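Survey of secondary and tertiary structure
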Number of protein chains: 2
Amino acid sequence: MDLEKYMAEKAKRAREASYALLGAATAEKDKALSFIAEEIEKNRDIIKKENAKDLETAKKKKRKDAFIDRLTLTDKRIDTMIKNCADIKGLKDPVGEVTREWTRPNGLKITKKRMPLGVVGIIFEARPNVCVEASALTLKSGNAVILRGGSDAVNSNICLGNIIRDGIKKAGLPESAVEVIEETDRETILHLVKAKEFVDVIIPRGGVELIRFIEENSVIPVIRHDAGICHVYADKEADIHMAVNIAFNSKVQRPGVCNAAETLLVHKDIAGEFMPEMAEKFAGAGVEMRVDKDIKEIIKNAKGNIRAVNEDDFKKEHLALVISVKKVNSLEEAVAHINKYGSHHTDSIVTENPETAEKFLTLVDSADCFHNCSTRFSDGYEYGLGAEMGISNQKLHVRGPMALEGLTSEKFVVYGAGQIRE
Amino acid sequence: MDLEKYMAEKAKRAREASYALLGAATAEKDKALSFIAEEIEKNRDIIKKENAKDLETAKKKKRKDAFIDRLTLTDKRIDTMIKNCADIKGLKDPVGEVTREWTRPNGLKITKKRMPLGVVGIIFEARPNVCVEASALTLKSGNAVILRGGSDAVNSNICLGNIIRDGIKKAGLPESAVEVIEETDRETILHLVKAKEFVDVIIPRGGVELIRFIEENSVIPVIRHDAGICHVYADKEADIHMAVNIAFNSKVQRPGVCNAAETLLVHKDIAGEFMPEMAEKFAGAGVEMRVDKDIKEIIKNAKGNIRAVNEDDFKKEHLALVISVKKVNSLEEAVAHINKYGSHHTDSIVTENPETAEKFLTLVDSADCFHNCSTRFSDGYEYGLGAEMGISNQKLHVRGPMALEGLTSEKFVVYGAGQIRE
């Protein structure tokens, strides 16, 4: 099979569909979302049957339990897919919004208008539910999408893709608004990220290695959902009890996700009062603390798993019940540490001083900068944006949770009355 | 010389300066712009002396007149540089603007706040005035900049870079806000576009070949100022005289720039009345018309340079007094032609029917979509944005003229009162 030709044809069809979607009304797109939900409901058995094939292969390959879990489509997960379609249907259509408008001395009326990006290429691993979420979000925002999932979920993805395409077709929109790549050779990724003529943005969702491969090879803009090395900084003017609660929640509430905290920075002036309470709480939850010498000295009598921290720890996304703890002498030192070792994702300051807070919120170069709340709030749902495509920690186009608006950009639309340039 | 190390050091210094700039007040940045203007004024003779070295080499290399012209820094051009600094000083500082704000049921206040991108890498050819324009724009928007100019302007660039850095230092801001690459081996471009840790965006300004090279190699987001294949579409309900004027102005007023029109699309219903007047006007200005068979038939008795058009013409940026002319049977055909052959830059419809116009403005997938005015208005100054970094015809982050706002993006700043996630 000529994979280059295969990919070019898929991408070309998606491009054509994206042009048709430019003219699609909100009601048409919403109708398609309803039909997709209906089709998923109707085809539960087929979905589970196709998914079972993938699960069988995965078990033969001796995939880990967590992997198998992500791959599995239970009735409950199918319910969630259906709910996703309904939720996204309920969100405001971002397309066509006039974000700015002014008139020039020569009478030209300049407007900036929100329009779909065009064709979105999503490269993801073994989570077949991404098919539905990504299709629903791109459709609502007037984009076509190319779904290039991993080989482990190929049967599930093809099945869901067909169901989604049927729903779109029933609503009178072009089924190529969703194109599923059935061929999972890695070469297809290479062709996708080079198809500049047909694809406007690449969104990788997967491990660090996949993201690096795509960044190295893509000639199309990439929106990266990258590692989360998030910090909590307990300032000298922090409410001690609040700081303990926020640091604890940021680390423990769900340690395996990107917006969990990895490092706790403590101002020297409060360390003596703060650390014993903090250490006791962490120890109670089985959190391993990797601390510097000064902190060690303060909690030398504390229980729990306490070890020495090293520089490598500060660069690590533990994704586990492990936290690095460091004493800092000033706000500036905290900020410098975060900008140097963090991943520009989410960082929170706990302080009662609003001026100190504002300084932190300005100087920390992260997508999500928080005052007096847990890093775990860094999330499209928690922000009230509805569903999200991921959390961007690059700095162009969109920072933080990427929701419907992030799937659009603004073009200039100019209204004249015959003006020519002198 | 170890160019990789050399570039990494430059980039690292720029990154550090960018963090310092996050905390710079508008008044400090404006003061730096005044000092830069003063330093340029004071150092006119040195600038011209250094520029003369570059001109001498260029003449020895037998560079073309247009090239030499772009390279030359006359007193008038130096005046313009000084004026640029003053103009940009007068523009509104985009940093810190709160673009959205809402409160969640749990009391969290979510805001989106405009912040600098960080470090901007500009790769440009033999136009030393870019040093001043780019430095002033990035400084005002709180960014650090790395200037990697072509070897032909190296003495001029180093000289201007030193002057700019002196001005910044006088204002108490870090001089590394502007880093000039003195080494012009092509290898330095490669290191720059791979320095992901230190550089946030690459802006190439130059020929198609340079842009392709950068797109192929960059792992950093690129904002492309690409070819302009712009269209004028004379609709069946166009005011004939207005359509003739707009098409003429779009082609003739300055044919060598990216927002000049390259193709004229004419609706069949008006071609008979429109084309003879149009052809006469084009012939009078020495414009070569490349026309399809139907148009040829209509203007068979017209004077002027009239040839047959072929498909390649539709893909070409002539940058000269040449225009392709094609008859279309419908608005849809015009839109399809533009989306297929255009460069998603600027396209204008002439029509008296506002519904037809709205359809065109929605369906044409270009950064700048115009109704009843010349394509030549596609320009930061004409839009009232002040100076610009270029015109983007990619679709992420910024479309069309990229001004101060395009040098920022929005981060989430969230204010809590101790909220943790349940």
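Analysis parameters
Residues numbered from 1 in each chain as written. Chains lettered and ligands numbered in written order. Predicted model: local features only at pLDDT ≥ 70, side-chain atom pairs only at ≥ 80, totals over all residues. Helix = DSSP H or I, 4+ residues; strand = E, 2+ residues; numbered from the N terminus. Expected span 1.5 Å × (residues − 1). Buried ≥ 20, exposed ≤ 12 C-beta atoms within 10 Å, placed from the backbone. Arc of directions from axis to C-beta. Contact = placed C-beta atoms within 7 Å. Nonpolar A, V, L, I, M, F, W, Y, C, P; charged D, E, K, R; others polar. Pairing = 2+ DSSP bridges. Least-squares fit on C-alpha atoms with pLDDT ≥ 70 in both.

Topic: helix α3 (residues 44-60) of chain A
All names here are of chain A. In a regular helix each residue adds 1.5 Å, so 17 residues correspond to 24 Å; α3 covers 24 Å between its end C-alpha atoms and thus fits that length. The complete set of buried residues in α3 reads Ile47, Glu50, Asn51, Asp54 and Leu55. One side of α3 holds all its buried residues, which, seen down the axis, span an arc of 150°. Relative to its buried face, α3 has exposed residues pointing more than 90 degrees away, namely Asp45, Glu56, Lys59 and Lys60. The first or second residue beyond α3 is Lys62, which carries a positive phi of 55°.

Considering the interface of chain A and chain B
With 56 residues of chain A at the contact, the number on the chain B side is 56 residues. Residue assignment for the side of chain A that touches chain B shows that the elements contributing at least two residues are α1 (3-22), α9 (208-217), α10 (240-252), α15 (354-363), β13 (368-373) and β16 (408-419) of chain A. No other element matches β16 of chain A, which puts 11 residues into the side of chain A that touches chain B. Considered class by class, the residues forming the side of chain A that touches chain B number 26 nonpolar, 18 polar and 12 charged. In this sheet, strand β16 (residues 408-419) of chain B lies alongside β13 of chain A in parallel orientation, the contact comprising 5 bridges. Paired with Cys369 of chain A across the two strands is Val413 of chain B, which belongs to β16 of chain B.

Thoughts on the pairing of strand β1 (residues 98-103) of chain B
Residues and elements named next belong to chain B. Little of β1 sits out of view: just 0 of its 6 residues are buried. Of the strand pairs in this sheet, β1 and strand β2 (residues 109-116) are connected by 5 bridges, and their pairing is antiparallel. Opposite Trp102, over in β2, you have Ile110 as the bridge partner. Hairpin connection between β1 and β2: a loop of 5 residues separates the two successive antiparallel strands, and Gly107 in this loop has a positive phi of roughly 95°.

What to know about the relation of the copies chain A and chain B
The second copy of the chain is related to the first by a rotation about an axis and a shift along the axis. When chain A is fitted to chain B, the best match, at an RMSD of 0.0 Å, comes from turning it 180° and sliding it 0.0 Å along the axis. Look at the turn and shift together and you get a two-fold axis relating the two. The C-alpha atom lying nearest the rotation axis in chain A is that of His397 of chain A; the distance is 1.9 Å. Interface overlap between copies: 100% of the residues of chain A at the interface are likewise at the interface in chain B, consistent with a symmetric, same-surface contact.

A look at unusual backbone geometry
In terms of backbone geometry, most residues other than glycine have negative phi values and most peptide bonds are trans. Positive phi, close to 70°, is recorded for His397 of chain A, a residue that is not glycine. Of note, His397 of chain A is situated in the loop between β14 (391-392) and β15 (400-401).

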